[in-house]
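Chain residues, written in single-letter form:
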Amino acid sequence: MGTSGDERLMTCDAVSDVYSTFRSTDAGGDMIFSTLLAAQLSNKKVFVRTVESSNECKIAYVTLDKQ
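What this report covers is the structure whose coordinates are included nearby. (Residues numbered from 1 in each chain as written. Predicted model: local features only at pLDDT ≥ 70, side-chain atom pairs only at ≥ 80, totals over all residues. Heavy atoms only, no water.)

Turning next to the environment of Ala39. You can see Ala39 is positioned in helix α1 (residues 29–42). Sequence separation between Ala39 and Thr63 is 24 residues; the distance between their C-alpha atoms is 9.3 Å. In contact with Ala39, not counting residues within four places along its chain, are Lys44, Val46 and Leu64. (Helix = DSSP H or I, 4+ residues; strand = E, 2+ residues; numbered from the N terminus. Contact = heavy atoms within 4.5 Å.)

Structure below.
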């Protein structure tokens, strides 16, 4: 997943210095996907938390911004 931020500044190894990752088979992966889809459909911002020092900047959780 790409973001509007600079993934090179994160404390993990972004794929191609651009992408964070999650898999639907990961714990909570289906909820992360649902939240991202809801945000896109409603044009809301999402805050992303990654696992520090993880390979591929694994996404730990996401939250929607209450706009």
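Rolled over the atoms, a probe as big as a water molecule pinpoints where empty space is left. Of the volumes computed, that of the largest pocket is approximately 410 Å³. Around the largest pocket sit 17 residues that line it, and Thr3, Ser4, Val46, Phe47 and Val48 are the ones nearest its centre. Per-element tally for the lining of the largest pocket: the top contributor is strand β1 (residues 46–50), with 5 residues. Residues that form the lining of the largest pocket fall into these classes: 6 nonpolar, 6 polar and 5 charged. (1 Å grid on protein atoms, 1.4 Å probe; cavity = no way out; pocket = protein on both sides within 12 Å on 5 of 7 lines; lining within 4 Å. Points joined across faces, edges and corners; volume = space filled by probe spheres on them. Nonpolar A, V, L, I, M, F, W, Y, C, P; charged D, E, K, R; others polar.)

Geometric descriptors of this kind do not, in isolation, establish any biological role.
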